[in-house]
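Inside the fold
The chain contents come next:
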Amino acid sequence: MIEKKIKYKKSIIIGIINNSKIEYFDELKSLAKTANIIVDKIFIQKLYFPHPRTFIRSGKIEYIKNYINLNNIDTVLFDNELSPTQVKNLEIIFQCKILSRTKLILDIFSKRAKTSYAITQVELAQYQYLLPHLTHMWTHLERQKGGIGLRGPGEAEIETDKRIIRNRINFLQKKLKTIDKQKSTQRNNRKNMIRVAIVGYTNVGKSTLMNILTKSNIFAENKLFATVDTTVRKIVIYNYSFLLTDTVGFIRKLPTQLIKSFKSTLDEVREADILLHVVDISDNNFEEHIKVVDKTLFEIEAVNKPKILVFNKIDKCIFNNKIKLNNSLYEQKWEDTYIAKKFYPSVFISAYTKENITLLKNILFLNAKNIKLN
Ligand SMILES: Nc1nc2c(ncn2[C@@H]2O[C@H](COP(=O)(O)OP(=O)(O)O)[C@@H](O)[C@H]2O)c(=O)[nH]1
Ligand SMILES: [Mg+2]
């Protein structure tokens, strides 16, 4: 096999903090890494409101501009969604590509999508994101052409472009409708089985868990959004047949365009009988991640379902026979921790060492029995 040489881009992150936490920028850094962008440095300014024209204030801009020139930076990342004016101004000042979190996530999804179904969904989301940003894109192209003397983007050109994109959106929506019908029929045919959807934040171990439960070989990797395609597999626990679905993970500020165009993928979650909410308990932000997932489940109308919290990666939390949670050490058993009391029903597992996998299967079986009885 020929090894592909990956070309990394060099970037910096610019962020403002008022209420937002500093860890948010670490997450953005992981997202960047997934997209083959190396983050060289993070610049943070304390600001209550972003500057309307340049997002941050001018003093810091000069300083950052210097840094960009000296270090061959080609991309500037923001955790926020910038206005077209802000993007335009910053591009002129920094002479760099400006990338928002939304755009970055959309790029990652488009690289990761494998099936024609997922590819269509991502393409739709990308065009929906592009449409309101089009005016700016054109001025940008104009400037690249060497601008001086050229007229700005003609309204007519923008309109033509918008029309092309709208047609494409129409086409993609129709295509998805046809696939949706097939998928919906497929789901109806599986009505006699108990349907379990694995949900959770990205990179918590959903695909790894799916693999060990179903003895399959789904792609799992230490990257955000390794899988954006949905996989369905059958397992039998005692005398019950279950259909397990592994699907796209959630993240803070998941672009609304993606949630909308992944509607049919997320139908698998909406129509499930039981949810396995997988959590990476070794991550210090795991409680916030739980909230983000719950909020997304609410948005896709998948609340009020029987749900089992699956705290994964416990192998990473043991130090000298003690449990390490949020930087504190506990002498007790997992079942006695405050987490077990706060989240019920729950189970503590390691998809890696396979600890408590049988226990998880038993809990799943008991919940399924309840559903069948009702
Ligand atoms: N240490 C440890 N790593 C795990 C465990 N489960 C998954 N991982 C790793 O976490 C990363 C993300 O796993 P993946 O299944 O792709 O997560 P997903 O994005 O939720 O589907 C991979 O590198 C896995 O090997 C676990 O129980 N313990
Ligand atoms: Mg996965």
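Before any of the text, the structure's been laid out above.
Thresholds, definitions, all that
- Residues numbered from 1 in each chain as written.
- Chains lettered and ligands numbered in written order.
- Predicted model: local features only at pLDDT ≥ 70, side-chain atom pairs only at ≥ 80, totals over all residues.
- Heavy atoms only, no water.
- Helix = DSSP H or I, 4+ residues; strand = E, 2+ residues; numbered from the N terminus.
- Rg over C-alpha atoms; globule rule 2.2 N^0.38 Å.
- Contact = heavy atoms within 4.5 Å.
- Areas by Shrake-Rupley, 256 points an atom, 1.4 Å probe, with all protein chains shown as cover.
- Near = heavy atom within 4 Å.
- Polar contact = N/O pair within 3.5 Å; in protein donor to acceptor, adjacent residues only side chain to side chain.
- Nonpolar A, V, L, I, M, F, W, Y, C, P; charged D, E, K, R; others polar.
- Buried < 20%, exposed > 50% of the residue type's maximum accessible area, 1.4 Å probe, protein only.
- Phe/Tyr/Trp six-rings, centres within 6.5 Å; stacked < 30°, edge-to-face > 60°.
- Lys NZ or Arg CZ within 6 Å of the ring centre and 35° of its normal.
- Core = buried A, V, L, I, M, F, W, Y, C linked by side-chain atoms within 4.5 Å.

**Regarding the overall build of the chain**
Along its length, the chain carries 13 helices and 13 strands. Radius of gyration (C-alpha) of the chain: 23 Å, near the 21 Å computed for a compact globule of 374 residues. Overall size of the chain, expressed as C-alpha extent along the three principal axes, is 75 × 55 × 45 Å. Intrachain contacts of the chain at a sequence separation of at least 6 include 70% that bridge at least 24 residues. Carbon together with sulfur atoms contributes 52% to the accessible area of the chain, which is approximately 20200 Å² in total.

**What about the site of ligand 1?**
With respect to spatial proximity, 16 residues lie near ligand 1, and among them N203, K206, T208, D315 and A351 are the closest. Measuring from an oxygen atom of ligand 1, one finds a backbone N or O atom of N203 at 2.9 Å. V204 has a polar backbone atom sitting 3.1 Å from an oxygen atom of ligand 1. Starting from 580 Å² of accessible surface for ligand 1 in isolation, the protein chains cover 87%. Considering each element in turn, the shell around ligand 1 owes the most residues, three residues, to helix α8 (residues 206-214). Split into classes, the residues belonging to the shell around ligand 1 amount to four nonpolar, seven polar and five charged.

**Re unusual backbone geometry**
Cis geometry marks the peptide bond from Y344 to P345, where omega comes out at -5°. Phi is positive for N72, close to 55°, though the residue is something other than glycine. By relative accessible area, which is 62% here, N72 ends up exposed.

**Points about the packing of aromatic side chains**
Applying the stated criterion across every chain, the model contains eleven aromatic pairs. Measuring from ring centre to ring centre gives 4.9 Å for Y238 and F365, while their planes differ by 75°; the resulting arrangement is edge-to-face. Placement of Y238 in the loop between β6 (231-237) and β7 (240-246) and of F365 in helix α13 (residues 357-373) is noted, with a sequence separation of 127 residues between them. Among the residues examined, Y238 registers a relative accessible area of 55% and is labelled exposed. The lysine or arginine in question, R252, covers the ring of Y24, its NZ or CZ lying 3.4 Å from the ring centre. Across the ring face of F319, the terminal group of K324 is positioned such that the distance to the ring centre comes to 5.1 Å.

**Describing the nonpolar core**
With 69 residues, the main nonpolar core has L104, F109 and F225 as its most contacted residues. Considering each element in turn, this core owes the most residues, six residues, to α13. Discounting residues that sit within four places of it in the chain, F225 has contacts with L31, I105, I108, F109, R112, T202, V248, G249, I251 and L254. Formed by 20 residues, the second largest nonpolar core is a distinct cluster that contains L47, I56, I61 and V87.

In short, geometric facts, not functional conclusions.
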